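# Coordinate analysis (summary)
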Amino acid sequence: MASSPAFDVERLAQGIRSGDRTVLSRAITLIESKRADHRSTAAALTQALIGATGKAVRVGITGSPGVGKSTTIDALGAMLTRQGHKVAVLAVDPSSRRTGGSILADKTRMARLATDANAFIRPSPASGTLGGVAAKTRETMLLCEAAGYDVVLVETVGVGQSEIAVADMTDFFLVLVLPGGGDELQGLKKGVVELADMIAINKADGDNLPRAKLTAAEYGAALHILKPASANWSPPVVTYSALKGDGIKALWTHILDHRKKLTASGELAARRGEQQVKWMWAMLEERLFAPLRSDRALKAALPKLEAEVAAGRLAPATAVEKIAEMLEL
Ligand code: GDP
């Protein structure tokens with residue numbers, strides 16, 4: 001289906017370029033579709049729009065549930081639209097299918113942005129594997145850029161591999177933390193700290209303020225030991241209050257400062273280039289693995305094959321031969 005009346009690529013591309021939100025939403029639905037014909041139309045669409053993509057400031061935001069991600073995105077996003085920016089909020093949440101709906105990028109949790117004509121909120125695609133979900137969010141980000149959104153905020157929860165996926169699709173990775181008890185780096189895996197371009201301790205208000213400062217000092221010390229990923233950027237540790245709005249402006253100032261420095265050194269362009277190539281391989285991998293997941297006969301045969309291999313009755317190499325035969329590889 002090169003261009004059925006339902007999904008005319010040129011028409012969709014035009015609608016997106018003109019910033020039509022309804023067309024943008026329809027195009028994202030197309031991107032999220034599992035149908036092979038939709039997939040090729042979606043690929044044609046992103047190709048048609050490629051020249052209009054890549055201009056946004058892409059920010060990944062992570063933190064455990066309750067840390068204040070949506071409150072932060074709402075406050076930051078509202079400040080940015082007031083400044084004349086167009087803000088898209090996306091999410092990567094591979095668990096959303098299990099929980100029966102995304103808890104991220106939920107409009108009810110972002111009251112100001114939900115009614116803001118210059119903000120576009122889209123929850124996580126609910127499509128199984130992290131690789132699949134991340135691929136669709138990346139494509140959605142490109143469409144949003146083509147539609148004129150010059151800031152894209154990608155939200156994820158602070159669990160599992162999804163942080164890496166989001167760091168891999170953004171220019172700046174912001175890690176949100178709660179004020180802790182004062183004697184430990186609570187709840188943060190070392191890997192996440194290493195991904196961070198900034199660590200921000202939220203809820204630095206009221207009685208929490210001294211604890212927030214203490215937590216900031218701890219993270220500052222922890223980061224000091226780590227070798228920064230860039231020679232031109234040492235991830236700052238800041239405190240702020242999303243609820244009161246104190247320090248929201250400073251978050252953005254740091255993001256712009258990072259952008260300026262890494263643009264000047266060429267690192268931003270290099271990071272984007274590496275990401276693009278990684279995406280290509282990730283998508284190819286998804287594509288190559290798809291038959292493994294969708295072939296009914298194989299699906300039915302796999303448990304037995306696995307059991308035979310586990311029991312030592314079937315050599316792994318023989319099992320691979322059988323699988324390849326079924327897939328006609
Ligand atoms: P998320 O799960 O990470 O998206 O967190 P939410 O943004 O939904 O916030 C969780 C709870 O923390 C809500 O009750 C918010 O009102 C509250 N909260 C968020 N930011 C702040 C803050 O800066 N200070 C205080 N005191 N509470 C906050």
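From a predicted model like this one, the values you see are computed outputs, not experimental measurements.

## Observations concerning the site of the ligand
Around the ligand, the surrounding shell holds 15 residues, and the nearest of these are Gly66, Lys69, Thr71, Arg109 and Asp205. Measuring from an oxygen atom of the ligand, one finds a side-chain N or O atom of Ser70 at 2.8 Å. For the ligand, an oxygen atom lies 3.2 Å from a polar atom in the side chain of Ser241. The protein chains hide 71% of the 580 Å² of surface that the ligand would expose on its own. For the shell around the ligand, the per-class residue count stands at four nonpolar, seven polar and four charged.

## Section: the pattern of salt bridges
Taken as a whole and assessed by the stated rule, the structure comprises 12 salt bridges. A salt bridge links Arg17 to Glu10; the nearest nitrogen and oxygen atoms lie 3.9 Å apart. Overall, Arg17 belongs to the partly exposed group, its relative accessible area being 41%. Note on Glu10: relative accessible area 41%, which makes it partly exposed. Across the salt bridge formed by Arg313 and Glu308, the nearest N and O atoms sit 3.3 Å from each other. The class of Arg313 is exposed, set by a relative accessible area of 60%.

## Quick look at the domain arrangement of the protein chain
A common way to report how large an interface is uses the accessible area buried once the components associate. Split by domain assignment, the protein chain resolves into domain 1 (1-52), domain 2 (53-279) and domain 3 (295-327). Interface area for domain 1 against domain 2, summed over the two sides, is near 1,700 Å², with a carbon-plus-sulfur share of 57%. Counting every contact that joins domain 1 to domain 2 gives one salt bridge. Put simply, domain 1 and domain 2 have eight residue pairs in polar contact (both at pLDDT 80 or more) between them. Residue contributions to the side of domain 1 that touches domain 2 peak at eight residues, all from helix α2 (residues 21-32). Tallied by class, the residues present in the side of domain 1 that touches domain 2 amount to nine nonpolar, six polar and four charged.

## Notes on the sheet that holds strand β5 (residues 172-177)
Here seven strands make up an open sheet; going across it, the order is β3-β2-β4-β1-β5-β6-β7 and the pairing parallel. Where the open sheet ends on each side, the last strands, each with one partner, are β3 (119-121) and β7 (237-239). Going from strand to strand, the sheet's axes swing by 25° on average, the running direction of each strand aside. Sheet topology note: the strand β6 (residues 198-201)/β7 ladder contains three bridges and is parallel.

## Remarks on empty space enclosed by the protein
Inspection of the entire model under this criterion finds one cavity of 30 Å³ or more. If you trace the largest cavity, you find it lined by Ile28, Glu32, Leu90, Ala91, Arg122, Pro123, Ser124, Pro125, Lys136, Thr137 and Thr140. Every element with two or more residues in the lining of the largest cavity is listed here: α2, β2 (87-92) and α6 (130-146). Per-element tally for the lining of the largest cavity: the top contributor is α6, with three residues. Looking at the lining of the largest cavity, its residues break down into five nonpolar, three polar and three charged.

Cut-offs used in this document
- Residues numbered from 1 in each chain as written.
- Predicted model: local features only at pLDDT ≥ 70, side-chain atom pairs only at ≥ 80, totals over all residues.
- Heavy atoms only, no water.
- Near = heavy atom within 4 Å.
- Polar contact = N/O pair within 3.5 Å; in protein donor to acceptor, adjacent residues only side chain to side chain.
- Areas by Shrake-Rupley, 256 points an atom, 1.4 Å probe, with all protein chains shown as cover.
- Nonpolar A, V, L, I, M, F, W, Y, C, P; charged D, E, K, R; others polar.
- Salt bridge = Lys/Arg side-chain N within 4 Å of Asp/Glu carboxyl O.
- Buried < 20%, exposed > 50% of the residue type's maximum accessible area, 1.4 Å probe, protein only.
- Domains from an automatic or database assignment.
- Buried area = accessible area lost by both parts, 1.4 Å probe.
- Helix = DSSP H or I, 4+ residues; strand = E, 2+ residues; numbered from the N terminus.
- Pairing = 2+ DSSP bridges.
- Axes fitted to C-alpha atoms, helices over the stretch in contact; angles between N-to-C directions.
- 1 Å grid on protein atoms, 1.4 Å probe; cavity = no way out; pocket = protein on both sides within 12 Å on 5 of 7 lines; lining within 4 Å.
- Points joined across faces, edges and corners; volume = space filled by probe spheres on them.

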